[in-house]
Amino acid sequence: LSLVKNFNTDNILLMNSDLLTNVNFEDMYLKLINNNADMVIASKNYQIDVPYAVFETSDNLINAFKEKPSYTFSSNAGIYIFKKELVAEIPKNKFFDITDLMNLLLDKGRKLMHDPIHGYWIDIGKPSDYKNAQEFVKNIGS
């Protein structure tokens, strides 16, 4: 991205190439503009179900516990809209992941927001994921 000489817009859409999604790009863009954010990142809820009781402890004392809790996290969905000026923060001729840029921006106090995907989002980076996505697509209109 840092090697691109000229962008024709003030904002850039960047996304992983191994995604199948119906993310609302307009909503993401409007969130960037209306909130004067530096970057908006699509997010997808990721749930972890713990099959055991989880202790809340201090030293060796159990203060409380939750039986078989479920935790939901907003996770990075690999879709980003950001201000063109941020490309200047990316080092040239060096591997620099988008999460490196995100950390750099957070360290500098820049405004990053997330936009939850309410539709579908499927990672198709592995052959088994791609096969599952093909089955999913067959049923989208059903």
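For the structure, see preceding data.
Remember, predicted model here, so these are calculated numbers, not experimental data. (Residues numbered from 1 in each chain as written. Predicted model: local features only at pLDDT ≥ 70, side-chain atom pairs only at ≥ 80, totals over all residues. Heavy atoms only, no water.)

Undergrad: What is the right way to read the overall build of the protein from this model?
TA: Looking only at helices and strands, the protein features three helices and eight strands. Computed over the C-alpha atoms, the radius of gyration of the protein is 19 Å, more than 25% above the 14 Å expected from 2.2 N^0.38 for a compact globule of 142 residues. In terms of its C-alpha atoms, the protein occupies a principal-axis envelope of roughly 60 × 45 × 35 Å. Taking all 142 residues of the protein together, 25% fall into the buried category. Taking as baseline every contact in the protein between residues at least 6 positions apart, the subset at least 24 positions apart corresponds to 68%. Total accessible area on the protein is roughly 9900 Å²; 52% of this is exposed by carbon and sulfur atoms. Computed over 15 positive and 18 negative side-chain charges, the separation of the two mean positions in the protein equals 5 Å. (Helix = DSSP H or I, 4+ residues; strand = E, 2+ residues; numbered from the N terminus. Rg over C-alpha atoms; globule rule 2.2 N^0.38 Å. Buried < 20%, exposed > 50% of the residue type's maximum accessible area, 1.4 Å probe, protein only. Contact = heavy atoms within 4.5 Å. Areas by Shrake-Rupley, 256 points an atom, 1.4 Å probe, with all protein chains shown as cover. Lys, Arg positive; Asp, Glu negative; His and termini not counted. Charge placed at Lys NZ, Arg CZ, Asp CG, Glu CD.)

Undergrad: Is there a simple way to explain the packing of aromatic side chains in this structure?
TA: Pairs of aromatic rings are described using the distance from one ring centre to the other and the angle between the two planes. Inspection of every chain in the model, using the stated rule, returns one aromatic pair. With a centroid separation of 6.4 Å and 85° between ring planes, the pair formed by phenylalanine 55 and phenylalanine 65 is classed as edge-to-face. Remark: phenylalanine 65 occurs in strand E5 (residues 61-66) and phenylalanine 55 occurs in strand E4 (residues 54-58); sequence separation between them is ten residues. (Phe/Tyr/Trp six-rings, centres within 6.5 Å; stacked < 30°, edge-to-face > 60°.)

Undergrad: Just checking my understanding: could you explain the side chain of serine 43 for this structure?
TA: For serine 43, the position within the fold is in strand E3 (residues 39-49). Relative accessible area serves as the criterion here: at 4%, serine 43 is assigned to the buried category. Other than its neighbours up to four places away in sequence, serine 43 contacts Ser74, Ser75, Ala77, His114, Asp115, Pro116 and Ile117.

Undergrad: Please clarify how the side chain of asparagine 11 should be interpreted in this entry.
TA: Along the chain, asparagine 11 falls in strand E1 (residues 11-15). Sequence-distant contacts of asparagine 11, defined by excluding residues within four places in its chain, comprise Tyr29, Leu32, Ile33, Ile81, Phe82, Lys83 and Lys84.

Undergrad: Looking at this model, I keep getting lost on the environment of aspartate 100. Mind explaining?
TA: Turning to its location among the elements, aspartate 100 is positioned in helix H2 (residues 98-107). Among the residues examined, aspartate 100 registers a relative accessible area of 33% and is labelled partly exposed. Placed 69 residues apart in sequence, aspartate 100 and lysine 31 show a C-alpha to C-alpha distance of 22 Å.

Undergrad: Which parts of the structure should I look at to understand the sheet that holds E3?
TA: Strand pairing in a sheet relies on backbone hydrogen bonds. The paired strands run either parallel or antiparallel. The four strands lie next to each other as E1-E6-E3-E7, forming an open sheet whose pairing is mixed. Every interior strand has two partners, whereas the edge strands, E1 and strand E7 (112-116), have only one. Across this sheet, the average inter-strand angle for adjacent strands is 40°, counted without regard to direction. With ten bridges connecting them, E3 and strand E6 (residues 70-83) associate as antiparallel partners. Within E6, the position partnered with asparagine 45 by the bridge is serine 74. Of the strands in this sheet, E1, E3, E6 and E7 are in contact with helix H1 (residues 25-34), which crosses E6 at around 75°. (Pairing = 2+ DSSP bridges. Axes fitted to C-alpha atoms, helices over the stretch in contact; angles between N-to-C directions.)

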